Amino acid sequence: MARSWLEFKTDAWVQWCPGCGDFGILNAFHRALAELDIDPSNLVPVGGIGCSGRITYYVKGSNMHALHGRAIPLASGVKLANPHLTVVVAGGDGDLLGIGAGHFVAAGRRNLDITIILHDNAVYGLTKGQAAPTLPSWWQTKALAGPNLQDNLNPLLLAFASGYTFIARGYAYHTNQLKELIKEAIRHKGTALVDILQPCPTYNNIMTNKWYEERIYYIQDEDPDWNPVITNDLDFKEKAPVILEKMVEWGDRIPLGIFYKDIRKDTFEMRLEKVMPGYLSNPPATRPIDVDGKPIADPWIVFRDRIVRKPG
Ligand code: SF4
């Protein structure tokens, strides 16, 4: 029998503003985990700093709350230590695409099997509504003293350019569709991004629920033959221009759904197994670290033998 989503609910008091899109994301996340039948003891949600990062208090697992912008490297370390865990990062566009942008890019280059849930609300909600990386230029949300002078960043394009192998976009208040996208992202073997358009009713008075509902549509609803799966290089060559066209569409119409799923690449864990046979069956987290109280694990040896070239 499938798990109940209540198994993933914690007793923590949920501290988001009334009507915040984060509630929808939490609901979809809980139900996705239940339907995937994930054991909470094998789940590691890693949150960044911001309203979004609080989601880790509300989901049962071995949770971690990272420094600002550092959720991805922390999650990467967890996954490397034990590749059998389900690791999910939750962060805002300010956290993951601002101070954490370098880590966001590096994640794509590695293709670790982790899922990144991007709470994309275009403002720094926790610190009173400053302009975040996805707020378009010349827009002035209510906490700003003047219009935003910086251009906005497209998370889908950045993920595509960085090498992410699964890229999707959902809407926070469409919890059923969002649940399915999160499930697909977690099932995918490789680094997966789910960009979630998330209204912040307290500080973003432009991108409201009404604003989104007038614009969003599901790619698959309009194009039942839409197939974003890339199985070989020819596939990529043929499909990439159409996928990119959908990724840049923004304004009067905003597409949602799975944009890209590349199954050609090895995960980072598979690459490690090639240079360190036995890594997957006996990863660092399950190895003994002492014999009779004497430490036997030496990270320096791994560093010396695997990362830097041996002398001579
Ligand atoms: Fe949600 Fe915005 Fe309130 Fe933060 S400030 S909890 S993002 S509504």
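An account of the accompanying structure is given in this report.

Conventions and cut-offs
- Residues numbered from 1 in each chain as written.
- Predicted model: local features only at pLDDT ≥ 70, side-chain atom pairs only at ≥ 80, totals over all residues.
- Heavy atoms only, no water.
- Helix = DSSP H or I, 4+ residues; strand = E, 2+ residues; numbered from the N terminus.
- Rg over C-alpha atoms; globule rule 2.2 N^0.38 Å.
- Buried < 20%, exposed > 50% of the residue type's maximum accessible area, 1.4 Å probe, protein only.
- Contact = heavy atoms within 4.5 Å.
- Pairing = 2+ DSSP bridges.
- Right-handed = clockwise from strand over helix to strand, strands pointing away.
- Phe/Tyr/Trp six-rings, centres within 6.5 Å; stacked < 30°, edge-to-face > 60°.
- Lys NZ or Arg CZ within 6 Å of the ring centre and 35° of its normal.
- Polar contact = N/O pair within 3.5 Å; in protein donor to acceptor, adjacent residues only side chain to side chain.
- Core = buried A, V, L, I, M, F, W, Y, C linked by side-chain atoms within 4.5 Å.
- Near = heavy atom within 4 Å.
- Nonpolar A, V, L, I, M, F, W, Y, C, P; charged D, E, K, R; others polar.
- Axes fitted to C-alpha atoms, helices over the stretch in contact; angles between N-to-C directions.
- Parallel < 35°, antiparallel > 145°, perpendicular 65-115°, else oblique.
- Salt bridge = Lys/Arg side-chain N within 4 Å of Asp/Glu carboxyl O.

### Here we look at the overall build of the protein
The helix and strand tally for the protein stands at eleven helices and 13 strands. For 312 residues, the compact-globule formula gives about 20 Å, and the C-alpha radius of gyration of the protein, at 20 Å, lands near that figure. Dimensions of the protein, computed from the C-alpha atoms along their principal axes, are close to 65 × 50 × 45 Å. Taking all 312 residues of the protein together, the buried fraction comes to 48%. A fraction of 72% describes how many contacts in the protein between residues 6 or more apart in sequence connect residues 24 or more apart.

### Some remarks on the pairing of strand 7 (residues 166–171)
In terms of burial, strand 7 is a largely internal element, six of the six residues being buried. Burial along strand 7 is two-sided: Phe166, Ala168 and Gly170 and Ile167, Arg169 and Tyr171, pointing in opposite directions, are all buried. As paired strands, strand 7 and strand 8 (residues 192–197) are joined by six bridges and run parallel to one another. Of the residues in strand 8, the one forming a bridge with Arg169 is Asp195. Viewed along the sheet, the connection from strand 7 through helix 6 (residues 175–187) into strand 8 turns out right-handed. Where strand 7 meets strand 11 (residues 254–262), four bridges bridge the pair, whose relative direction is antiparallel. By the bridge assignment, Arg169 is partnered in strand 11 with Gly257.

### A few points about the packing of aromatic side chains
On inspection of all chains with the given rule, the structure shows twelve aromatic pairs. Aromatic pair Tyr171 and Tyr173: ring centres 5.6 Å apart, planes at 75°, arrangement edge-to-face. With relative accessibility at 30%, the residue Tyr173 sits in the partly exposed group. Feature note: the residues Trp139, Tyr171, Tyr173, Trp211, Tyr212 and Trp250 constitute an aromatic cluster, connected by ring pairs. Lying across the ring of Tyr217, Arg253 places its NZ or CZ 4.0 Å from the centre.

### Structural notes on the side chain of Asp235
Looking at where Asp235 falls in the secondary structure, it is placed in helix 9 (residues 233–248). For Asp235, a relative accessible area of 14% puts it in the buried group. A distance of 2.9 Å separates a polar side-chain atom of Asp235 from the backbone nitrogen of Thr231. With residues up to four places along the chain from it excluded, the contact list for Asp235 reads Val229, Ile230 and Ala240.

### Section: the nonpolar core
The biggest cluster of nonpolar side chains holds 32 residues, and the ones touching the most others in it are Tyr164 and Ile167. With four residues, helix 2 (residues 71–81) is the single largest residue contributor to this core. Excluding its chain neighbours within four sequence positions, the residues that come into contact with Tyr164 are Ile72, Phe104, Ala107, Gly108, Ile116, Ala159, Thr191, Ala192, Leu193 and Tyr260.

### Looking at the site of the ligand
In the vicinity of the ligand, the contacting residues are Trp16, Cys17, Cys20, Cys51, Asn121, Gly125, Gln198, Cys200, Pro201, Thr202 and Tyr203. Partitioning the shell around the ligand into residue classes produces seven nonpolar, four polar and no charged.

### Some points on the packing of helix 4 (residues 101–110) against helix 5 (residues 155–162)
Closest axis-to-axis distance for the helix 4/helix 5 pair is 8 Å, and the angle between their directions is 45°. Regarding the angle of helix 4 to helix 5, the classification is oblique. Judged by residue contacts, Phe104, Val105, Gly108 and Arg109 of helix 4 engage Pro155, Leu158, Ala159 and Ser162 from helix 5. The residue makeup of the contact of helix 4 with helix 5, split by class, is five nonpolar, two polar and one charged.

### Examining the environment of His174
Tracing the backbone shows His174 in the loop between strand 7 and helix 6. Sequence separation between His174 and Leu256 is 82 residues, and the spatial gap between their C-alpha atoms is 11 Å.

### Description of the pattern of salt bridges
For the structure on display, the rule yields 17 salt bridges. Note that Lys183 is salt-bridged to Glu35, the shortest N-O span being 2.7 Å. Linking Lys183 in helix 6 with Glu35 in helix 1 (residues 22–35), this pair joins segments that are 148 residues apart in sequence. For Glu35, a relative accessible area of 39% corresponds to the partly exposed category. Glu184 is the salt-bridge partner of Arg187, the closest N and O atoms lying 2.7 Å from each other. You can see Arg187 and its partner Glu184 sitting in helix 6, three residues apart, about one turn around the helix.

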